[in-house]
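Here is what each chain is made of, one letter per residue.
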Amino acid sequence: MDLEFLCEELGLDRDQFSQFASLFLDVASTDLARMREAVDLEDVVGVAQAAHSIKGAALTLELEWISSLAKSVETKAKSGAIEELRTEMNTLALELEKLKARLQEQFPIKQEGFRQVEP
Amino acid sequence: MKTVLVVDNQPLILRFMKELIERRGHRALLAGSGLEALEVLQEVKPDLVFLDLVMPNIDGQKLCRILRSDHRLRETRVVILSAIASEEVPSLDSLGADLCIAKGPIPEMTLHVEAVLEDRVPWDTHPPLVMGADTIQPREITRELLATRRHLELILEHMSEGILELNTQGRIVFANPSAAQILGVPELNLLGKRVTELLSVQQAENLQSLLEEAFCKKEPLRPRAPLEVRARRLEVECLPFGANGSGAILILSDVTPVHRTAELLQHTLDKAPLPAFMIDTQHRVTLWNRAMEMLTGVSRDQVLGKPADSSIFYPGNKRPLLVDLVLDMDMEAVARFYGSGTISVHPVFPEAWEGTGNFLLEGKPRTLHFMAARITDAEGKLLGAMETVEDVTDREELQRHLQHAQKMQAVGTLAAGMAHEFNNILAAIQGYAQLVGFNTPPEDPNAEYLKEIEASCQRAAGLIRKMLAFSRMDQSEKLPVKLNQVVEGVGQMLRQTLSPKIRINLELEPGLPFVSGEYARLEQVVLNLCLNSKDALLEEGGEIILRTSHCFLEESFCRSHPWAKPGSYVKLEVQDNGTGIDPEVLDRIFEPFFTTKEPGKGTGLGLTIAYSIVKSHSGYILAESPSPSGRGSRFTVFLPVLPEQEEKPHERGAESRELPRGKGERILLVDDEPQLLEIGKKMLVSYNYRVDTALDGSEGLAIYARALQQGDPYLLVILDVAMPVMDGKEFMSRVLEMDPGARVLVSTGAALKQETTGGAFQGAVGVLEKPFELELLLRSVRQALEVGLEHPGL
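Reading guide: rules and limits
- Along each chain, numbering runs from 1 in the same order as the chain's sequence is written.
- Numbering of ligands from 1 and lettering of chains from A proceed in the order in which they are written.
- At least 70 in pLDDT is required for a residue's local features to be given in this predicted model, at least 80 for side-chain atom pairs to be given and counted, and no such filter applies to totals for whole chains, interfaces and linings, which use all residues.
- Helix and strand assignments follow DSSP, with helices taken as H or I runs no shorter than four residues and strands as E runs no shorter than two, numbered in order from the N terminus.
- For the exposure call, what matters is how many other C-beta atoms sit within 10 Å of a residue's own: 20 or more marks it buried, 12 or fewer exposed, and in between partly exposed, using C-beta atoms placed from the backbone.
- The contact criterion used is a C-beta to C-beta distance within 7 Å, with each C-beta placed from the backbone.
- Strands pair, by our definition, only if DSSP identifies at least two bridges between them.
- Angles shown run from 0 to 180 degrees and are taken between the N-to-C directions of axes, each axis being a line fitted to C-alpha atoms and, for helices, limited to the stretch in contact.
- What we call a nonpolar core is a set of buried Ala, Val, Leu, Ile, Met, Phe, Trp, Tyr and Cys residues whose membership is set by joining through C-beta atoms within 7 Å.
- For this classification, under 35 degrees means roughly parallel, over 145 means roughly antiparallel, 65 to 115 means roughly perpendicular, and everything else is oblique.
- In this scheme the crossing of two helices becomes right-handed for a clockwise turn of the near helix relative to the far one and left-handed for an anticlockwise turn of less than a right angle.
- Three classes are used: nonpolar for Ala, Val, Leu, Ile, Met, Phe, Trp, Tyr, Cys and Pro, charged for Asp, Glu, Lys and Arg, and polar for all others, with Gly counted as polar.
- What the arc covers is the set of directions going from the helix axis to the C-beta atoms.

Participant: I'd love a proper account of the overall build of chain B, names of residues and values included.
Facilitator: Regarding its fold elements, chain B presents 25 helices and 29 strands. Sorting the 794 residues of chain B into buried and exposed places 36% on the buried side.

Written out as structure tokens, the structure is:
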């Protein structure tokens, strides 16, 4: 997972990439919390919506492995296999943590200060 | 510089777009939802709008339609920025969007957005151009999501209930077609509006507090009463949702038709004169009609929606009503609260229970008949129960009057029959005593005893006449009478005979109109009433007031007093300040032989006679105790005023005491009682008449015919009415056939006297009352003979 390469691929400068990625992580962690709550409530629609949101955002940043994990969660949620998607969900959480660590490692500047975009 | 609005719920996209737009020197406005976008659009007119299709609250499709329906924004370009755009192409055109960019990785999106910002795109293609669709693989899951979404949308579009989704500020972010139709506002105009704007101030406040309560409790709630919007009645269910009550769904049901039916039912029942009310399965009053309001004095506003208040019928007593017990089918409680035998199954409707009882309504004692039944729908589901409460006080009163009248009539008939028998026996005793008297010189000591026998017979006959008085079969001629004269006479007599401790006070209204009546009988009424009052006075004495007045009984009075007929009456009141009359005695006071006096002290006929005399004068008599003064009792007599006011005072004792004698005229007596024939013959012979007798009609007819042939006809026939072989009626017609000039005097016992008027006896010259009393017999015979002479053709 080379974020420098990804940054170049997306045609963004380092600052921009750092901000986008950090924003993605923020939003994804909110979505993940929503997903966990929905799993506990066996709310398949809630799980699918949260997964869908992560999937779309990940695609925008071309984080394809995260996108495919989210897609798998979404598919299983839609088929009602709540118990089976826990593994994917935990892997997804792990991957997001890894991404966060890598971002801090490769783009250490200005990554705090972005919580949520206020329109 | 362009003003660009970006609407997306994905913060990453917003951030990306903001950077991109501002880097190109334009002004970026961001909105996280359709609703936020509407707020921004109220302030600003952007040149360009990028919007996502899938968003919470108001989604992109709706927002797009709203934008396109806003004339102010006709210059604004609308670009859809969506991951699912590739699959939505056919519908994009209808949304009114100018262009579509498929969401994808940042580099591609950057290219497309820059092209749009710099107007390097063909704006007006139909359908709109989709940029970047080729880079996107249609994804399985998106299709699935869309399928689910369409499925739900289909349901929402076609359900009859209106669905409104509100955000925390109470603004509408979703409305289905039914909601738009029910509220009468196009869907696009509903979006972004506060739901309270559609309601009156009061209803808006109610709904607002309901919403707050629902958010707070996090459970579905309904307003107590339906909302009223544009003359429609809407039932609303409020469902809060979201973890911290972030929004609410309102489900609207148009219950106008149901309400119209309910109103129709209410109006129909309101017009019904029978008081009725209904309760639902929770025992709450759902209907309370006008008649019920009038009966109880309790308005429907006081009771609707609450459990029926038992204190209306049972002051100070909290207990279930019959309707409550019937609703629960709690028959054990019915027996406990009403006692056994007071409630029964309705004879025609076995599902209904009924009973009658005495109640105090608004301080007045009333007899109420109540009937309660469960209400079920066609499937037998319990909907509630209803009760009717009928005021039968007047009907019960009428029933009592009727029973009383029937009893009096039965006793009267019995008395009349007995009186007839006694009359015949008395006639014999009196007649023989008189005959012995003729043959006894005045100086003989037996003459004294004979006079005593005759006097006793007179008294006995008087008693029989009294009995007949209340059988009403004895109707003598009535003349105009001044009631004040009668009262004055009785008053004077009472002052002379009663103890001086008893004050007799007369309060007579001067110039009273005449009543039609018999002086002596009216005297008896006054006397009997006074004697009754006297007996009620204590030993230390008291006061009897005799009061007369002229009054008019109005229609309204007669409605509440079913025995009375409207008209002009002379009123007599006899009031005392004595011990009064117990209610149970008051009920029976006019019954024959009913007395509270010791045996031997009263006959129990005094008030009965007064009652029947008043009745025979077409009048009314009332007894009240205590009297309006609070003590004793009061009897009130109403006698109808004589229509024509000719003064024909009842002359009494003016006729000559000398008995008229015959001139040897020939008379035929026809009667089946040999004793009567004998007495009659002897009386008439003694006064110079020639008399023959016959024991039945056919014998009499033969004798009459023979005398006619012989040229020495009978100038008068005294004819009994009831006889075996040939009765009076037949004899009458036959004799008139034979001799149209025949004079017949009909003789009868008082009991049958009314049979002699009219009909077969129309040709009679007069009616003679049995037993034959010498003076009356001689005067009647004389009169009959003279009438015949004056009018030979009769």
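There's plenty left to go through after this.
Participant: Help me get a handle on the overall build of chain A, residues and values and all.
Facilitator: Within chain A, the regular secondary structure consists of five helices and zero strands. Traced from its N-terminal end to its C-terminal end, chain A shows the element sequence α-α-α-α-α. For chain A, the proportion of its 119 residues judged to be buried stands at 42%. Taking the contacts inside chain A whose residues are at least 6 apart along the sequence as the reference set, 58% of them involve residues at least 24 apart.

Participant: Quick rundown of the sheet that holds strand S1 (residues 3-7) of chain B? Include the residues and the values.
Facilitator: All names here are of chain B. Read from one edge to the other, the open sheet built from six strands follows the order S2-S1-S3-S4-S5-S6, with strand pairing classed as parallel. Bordering the open sheet on either side are strand S2 (27-31) and strand S6 (129-131), each of which pairs with just one other strand. Direction aside, neighbouring strands of the sheet carry axes that sit 20 degrees apart on average. Two elements, S1 and strand S3 (residues 48-51), share four bridges in a ladder whose sense is parallel.

Participant: Lay out the nonpolar core with the relevant residues and their values.
Facilitator: Residue and element names in this part refer to chain B. Ranked by internal contacts, the top residues of the largest apolar core, which has 106 residues, are Met-17 and Val-79. Those residues in contact with Met-17, other than ones at most four positions away along the chain, are Val-6, Ala-28, Phe-50 and Val-113. Counting residues in each nonpolar core, the second largest holds 46 residues, with Leu-426, Ile-464, Ile-667 and Met-683 among its members.

Participant: Before we move on, can you summarise the packing of helix H2 (residues 14-40) of chain A against helix H3 (residues 44-60) of chain A with the specific residues and values?
Facilitator: Residue and element names in this part refer to chain A. Where H2 meets H3, the closest approach of the two axes is 8 Å, and the angle between their N-to-C directions is 160 degrees. When the interaxial angle is binned, H2 and H3 end up roughly antiparallel. Taken as a pair, H2 and H3 cross one another with a handedness that is left-handed. Touching Phe-24, Val-27, Ala-28, Asp-31, Arg-34, Met-35, Ala-38 and Val-39 of H2 are Gly-46, Val-47, Ala-50, Ala-51, Ser-53, Ile-54 and Ala-57, all from H3. Of the residues in the contact of H2 with H3, the class split is 11 nonpolar, two polar and two charged.

Participant: Requested: an account of the interface of chain A and chain B, with residues and values cited.
Facilitator: Counting residues at the interface gives 24 residues for chain A, matched by 21 residues for chain B. Elements that contribute at least two residues to the side of chain A that touches chain B include exactly H2, H3 and helix H4 (64-78) of chain A. Top element by residues in the side of chain A that touches chain B is H3 of chain A. It accounts for seven residues. Across the side of chain A that touches chain B, the residue classes break down as 12 nonpolar, eight polar and four charged.

Participant: Got a sec to walk through the environment of Ser-616 of chain B? Specific residues and values, please.
Facilitator: Residue and element names in this part refer to chain B. Tracing the chain through its elements places Ser-616 in helix H21 (residues 606-616). Judged by the 20 C-beta atoms lying within 10 Å of it, Ser-616 falls in the buried class. The sequence separation of Ser-616 and Gly-517 amounts to 99 residues, and the corresponding C-alpha distance is 9.0 Å.

Participant: Help me get a handle on helix H24 (residues 728-738) of chain B, residues and values and all.
Facilitator: All names here are of chain B. Listed in full, the buried residues belonging to H24 are Gly-728, Phe-731, Met-732 and Val-735. The arc enclosing the buried residues of H24, seen along the axis, measures out at 100 degrees, which places them on a common side. The secondary structure elements touched by the buried residues of H24 are strand S25 (666-670), helix H23 (697-709), strand S27 (716-720) and strand S28 (744-748).

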